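Listed below are the residues making up each chain.
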Amino acid sequence: MRVKMLDLTREYKRYRREYIDAINNIFDNGNFILGEDVSLLEKNVAEYIGVKYGVGVANGTDALLLSLRAAGIKEDDEVITTPFTFFATVETILQLKAVPVFVDINCDDFTIDVSQIEKKITKKTKAILPVHIFGHPADMWEIEKIAKKYGLIVIEDCAQAIGSQVDEKKCGSFGIAGTFSFFPTKNIGCAGDGGLVVTDSEDVYKKIKSLRVHGSTEKYIHEEIGYNSRLDTLQASLLLLKMKRIEEINSRRREIAKTYNLKLTEKIKKPFEKKGCYHIYHQYSILVEKRENLKGYLKENGIDTTVYYPLPLHKQKAVLSLIKKEYSLPVAEDISNRILSLPIYPELEDHEVEYVIEKINRFYDRL
Ligand SMILES: *Cc1c(COP(=O)(O)O)cnc(C)c1O
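The rules behind these values
Residues numbered from 1 in each chain as written. Predicted model: local features only at pLDDT ≥ 70, side-chain atom pairs only at ≥ 80, totals over all residues. Heavy atoms only, no water. Helix = DSSP H or I, 4+ residues; strand = E, 2+ residues; numbered from the N terminus. Buried < 20%, exposed > 50% of the residue type's maximum accessible area, 1.4 Å probe, protein only. Contact = heavy atoms within 4.5 Å. Areas by Shrake-Rupley, 256 points an atom, 1.4 Å probe, with all protein chains shown as cover. Lys, Arg positive; Asp, Glu negative; His and termini not counted. Charge placed at Lys NZ, Arg CZ, Asp CG, Glu CD. Patch = residues over 30% accessible without salt bridge, like charges linked within 9 Å, V, L, I, M, F, W, Y side chains within 5 Å. Salt bridge = Lys/Arg side-chain N within 4 Å of Asp/Glu carboxyl O. Phe/Tyr/Trp six-rings, centres within 6.5 Å; stacked < 30°, edge-to-face > 60°. Lys NZ or Arg CZ within 6 Å of the ring centre and 35° of its normal. Pairing = 2+ DSSP bridges. Axes fitted to C-alpha atoms, helices over the stretch in contact; angles between N-to-C directions. Parallel < 35°, antiparallel > 145°, perpendicular 65-115°, else oblique. Left-handed = near helix turned anticlockwise from the far one by under 90°. Nonpolar A, V, L, I, M, F, W, Y, C, P; charged D, E, K, R; others polar. Disulfide = S-S within 2.5 Å. Core = buried A, V, L, I, M, F, W, Y, C linked by side-chain atoms within 4.5 Å. Near = heavy atom within 4 Å. Polar contact = N/O pair within 3.5 Å; in protein donor to acceptor, adjacent residues only side chain to side chain.

Caption draft 1: Quick look at the overall build of the protein chain. Check the secondary structure of the protein chain and you find 12 helices and 14 strands. Once the C-alpha set of the protein chain is aligned to its principal axes, its extents read approximately 70 × 55 × 35 Å. The 367 residues of the protein chain split such that 58% are buried. The long-range fraction of contacts in the protein chain, counting pairs at least 24 apart against all pairs at least 6 apart in sequence, stands at 71%. When the accessible surface of the protein chain is totalled, it reaches about 16500 Å², and 51% of it is carbon and sulfur. Averaging the coordinates of the 54 positive side-chain charges in the protein chain and doing the same for the 54 negative ones gives two points 3 Å apart.

See the structure below:
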């Protein structure tokens, strides 16, 4: 048997007719840039998250970049964040010449360790940028409390967490902005690149709408230097169809995670859902000893696995060359050496999940 990390063709085969019709519809009216479906999607996602505004942008990286800029982050400002995330989180801070300040992560849910945030706050600190990594929410109540106490902005990187919740409140609705990615592998993915920012702030909303079209609110009149960062109408039309199925998509991922949790051997450390949290399992990541051996054994048996992430960001050359500061973040470093993500996506079939479980358990039985 062959089990891939993700097979996007399965979903496409199932819904092909709807997708083709949606695409035809856009070609019929020729409204490719900022067409009606973009504003419909913006409203749809904002409403789903429970905030006032949504702004479609070109990708999840730009969603972060434009949010940081709209929130006023500039040169030398310090932004507290996690070293255990996709590169874009920190790349965008550095693109603005601001300074990422790394705080270590929790060993159970892999999100930022909030107990270590306060001691990293200085006069230059402007923002906290938590990441709901793998779909598990960061401790947003505590982050909110700290931000209030020190007058800091919060921007949430929700690229992996569309639908994640803390006590019934959706990720993306806590901070001044929540950023989403519709990269094809994300829980809600389009047929290319796409992103979106949600916010309750009218100022941030207006600013991002201007930044995404070259810093302009009136055609050919430019108030500031911006970007060309729009979400295509074609992508928005596909995303509207996917948003209708979001509960089904996230529930199926949770169902697969539940089976893994129940049946995988106790010899590995399984992912964790904190009390009050709704985890959408963008990834199902286990902690293992002898990772390379297990990975190789599964590969021989046709099962793909991936290491997210092999090198924490405070150890990346691109970051080190700019921050000029040595960090020791033992939890992030240890997790990077032991973590392994297993196949999980809505179209993964039960018998495939059982096969993965059987092979992993057999590997540990032999030890
Ligand atoms: C995917 C991702 C991004 C970037 O999104 P793109 O759409 O690929 O630009 C940012 N942060 C995290 C945590 C991500 O997983």
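Caption draft 2: Fine view of a nonpolar patch on the surface. The grouping of Phe27, Phe32, Ile33 and Leu34 at the surface amounts to a nonpolar patch, some 370 Å² of accessible area in total. Tracing the backbone shows Phe32 in the loop between α1 (8–29) and α2 (36–49).

Caption draft 3: Seen up close, the packing of aromatic side chains. Scanning the entire structure with this criterion turns up 16 aromatic pairs. Between Phe110 and Phe134 the ring centres are 6.0 Å apart and the planes differ by 80 degrees, which places this aromatic pair in the edge-to-face class. Here Phe110, found in the loop between β3 (99–102) and β4 (125–129), pairs with Phe134, found in the loop between β4 and α5 (140–150); they are 24 residues apart in sequence, far enough to count as distant. Each member of the pair Phe110 and Phe134 is classed as buried. Ring centres of Phe363 and Tyr364 lie 5.1 Å apart, and the angle between their planes is 85 degrees; on these two criteria the pair is classed as edge-to-face. Neither Phe363 nor Tyr364 differs from the other in exposure class; each is buried. An aromatic cluster of at least three residues, connected via ring pairs, comprises Phe84, Phe110, Phe134, Tyr308 and Tyr309. One residue, Lys170, lies across the ring of Tyr48, its end atom 4.5 Å from the ring centre.

Caption draft 4: Structural context of the side chain of His282. Within the secondary structure, His282 sits in the loop between β12 (277–278) and β13 (284–287). When neighbours within four sequence positions are excluded, His282 is seen to be in contact with Phe134, Gly135, Gln160, Thr185, Lys186, Asn187, Arg253 and Ile344.

Caption draft 5: Main features of the sheet that holds strand β8 (residues 177–181). On the basis of which strands lie adjacent, the open sheet formed by seven strands has the order β1-β9-β8-β5-β4-β2-β3 and mixed pairing. The two strands at the open ends of the sheet, each matched to only one other strand, are β1 (53–57) and β3. On average, each strand axis in the sheet is tilted by 25 degrees relative to the strand beside it, whichever way the strands run. Packing of α2 onto the sheet brings it into contact with β1, β8 and β9 (195–199), and relative to β9 it is tilted by some 50 degrees. Along the sheet, helix α3 (residues 60–70) contacts β1, β4, β5 (153–157), β8 and β9; its crossing angle with β8, the most-contacted strand, is approximately 160 degrees.

Caption draft 6: Layout of the packing of helix α8 (residues 246–263) against helix α12 (residues 350–366). Where α8 meets α12, the axes come as close as 10 Å, and the angle between the chain directions of the two elements is 30 degrees. Taken as axis vectors, α8 and α12 run roughly parallel relative to one another. Crossing of α8 over α12 shows right-handed handedness. Facing α8, whose interface residues are Arg252, Ile256, Thr259, Tyr260 and Lys263, α12 presents Asp350, Val353, Glu354, Val356, Ile357 and Asn361. By residue class, the composition of the contact of α8 with α12 is five nonpolar, two polar and four charged.

Caption draft 7: Quick look at the state of the cysteines. As enumerated under the stated definition, the model contains zero disulfides in all. The thiol sulfur of Cys107 is not disulfide-bonded, and the nearest other cysteine sulfur, from Cys277, lies at 15 Å. When its relative accessible area of 47% is taken as the criterion, Cys107 is described as partly exposed. As a non-bridged cysteine, Cys171 has Cys158 as the owner of its nearest cysteine sulfur, 5.8 Å distant.

Caption draft 8: A look at the nonpolar core. Counting residues in each nonpolar core, the largest one holds 63 residues, and the members touching the most others are Ile117 and Tyr260. The element that contributes the greatest number of residues to this core is α12, accounting for seven residues. In this structure, Ile117 is in contact with Ile80, Val103, Ile112, Ile128, Ile143 and Ile146, ignoring residues within four places of it in sequence. Counting residues in hydrophobic clusters, the runner-up holds 25 residues, among them Val55, Ala63, Leu68 and Ala177.

Caption draft 9: Inspection of the site of the ligand at higher detail. Taken together, 15 residues form the shell around the ligand, and within it Gly60, Thr61, Asp157, Ser181 and Lys186 come nearest. Here Thr61 contributes a side-chain N or O atom positioned 2.5 Å from an oxygen atom of the ligand. Within the contact set of the ligand, an oxygen atom lies 2.8 Å away from a side-chain nitrogen or oxygen of Gln160. If the ligand stood free it would expose 380 Å²; the protein chains cover 92% of that surface. Only α3 and α4 (88–95) provide two or more residues apiece to the shell around the ligand.

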